[in-house]
Amino acid sequence: MRTIYRKYGNIIELTSIEKEPRKVRVYAPRERRTVYKVRRQDNIRRTRQICVRRVSAAIEEFGVPLLVTLTFKGDASDASHANDSLHDFQVRLRNKYEGAQSLFIPELSPKGRIHFHGLLFNVPLHLGDTRKGRRIVSYGSERESRELATLWGEGYVDALCTDGSGRLAGYISKYVTKSAGEVMFSAMRMLRISQGFPREIVVRDEFLVEKLSMHYASKKPFEEWERTNPFLGKITRKKYYQNEEL
């Protein structure tokens, strides 16, 4: 039995694996053929988990982000062009605001137009609108200055202030599940994360993990699931809120 300890935000995740994974050497085929098809459900689930962990870690390190949507004013059906445009925007954002970090997920509208939902960290919060429920109570400076729209250079940017709560990670990650079924996005990464974006803390050392696990042994997890894998055997995952210091 092997246990992996992860920490992201105020969440502690303990994953127990029954069997040790075997090291298998994989030989690449001589000729690679590009075939685009719908992603597997386990890959979608894993990508969403990564999104939640990375966003939670970023909120803990950087604080409150802006929630933004990038849309195209022209043709928005070319995935390759959209991919390149987003990369250029992330580079310009880092050049404009020192220490800026971003995470984006593509989505396809009912009319087949590509747009991106994302979070911006270490950028001025006054750029975003403030919303209470569904009503905007104050407008951000982005509506007049168009700073983000200028950096985007492809159309429009909708910026919204957030409360920086942990629920934000679950909200943004839902777009992974929503968009991963689109064949158009099979050639794109579902998570476009800027360089230097925080990662979760992972501990694999058996002695240290055992000590950390004992601290939460008497606590009740707020989420728990169990699955069986043909190669790894039974996998159990438990999540706790970090309310006490070790």
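Quick note: structure is the one above.
Remember, predicted model here, so these are calculated numbers, not experimental data.

Rules used throughout
- Residues numbered from 1 in each chain as written.
- Predicted model: local features only at pLDDT ≥ 70, side-chain atom pairs only at ≥ 80, totals over all residues.
- Heavy atoms only, no water.
- Helix = DSSP H or I, 4+ residues; strand = E, 2+ residues; numbered from the N terminus.
- Polar contact = N/O pair within 3.5 Å; in protein donor to acceptor, adjacent residues only side chain to side chain.
- Contact = heavy atoms within 4.5 Å.
- Pairing = 2+ DSSP bridges.
- Axes fitted to C-alpha atoms, helices over the stretch in contact; angles between N-to-C directions.

A. The arrangement of the side chain of H115 in detail. Mapping H115 onto the fold places it in strand β5 (residues 114-121). A polar atom in the side chain of H115 sits 2.8 Å from the side chain of E107. Separated by 3.3 Å, the side chains of H115 and H117 make a polar contact. In contact with H115, other than residues within four places in its own chain, are T69, L70, T71, I105, P106, E107, L108 and S109.

B. Local environment of the sheet that holds strand β8 (residues 155-161). Overall, antiparallel pairing links the 5 strands, which are arranged β8-β3-β5-β4-β9 in an open sheet. Among the strands making up the open sheet, the edge pair consists of β8 and β9 (192-193). Where strand β3 (residues 66-72) lies against β8, 7 bridges are found, and the strand directions are antiparallel. Pairing of L66 across the sheet is with C161, part of β8. Along the sheet face, helix α2 (residues 79-96) touches β3, β4 (101-108), β5 and β9 and points at about 160° away from the line of β4. Packed onto the sheet, helix α5 (residues 167-179) meets β3, β4 and β5 and runs at close to 40° relative to β4.

C. Representation of the sheet that holds strand β2 (residues 11-17). The strand order across the open sheet formed by 5 strands is β10-β1-β2-β12-β11, and the pairing between neighbours is antiparallel. The open sheet is flanked by β10 (201-203) and β11 (223-229), the only strands paired with a single partner. Mean inter-strand twist for the sheet, computed between neighbouring axes without regard to direction, equals 15°. Relative to β10, strand β1 (residues 2-8) is paired through 3 bridges, and the arrangement is antiparallel. The residue of β10 that forms the bridge with R6 is V202. Across the sheet, helix α1 (residues 41-62) lies against β1, β2, β11 and β12 (233-241), angled at about 50° from β1, the strand it touches most.

In short, shape yes, function no, at least from these values alone.
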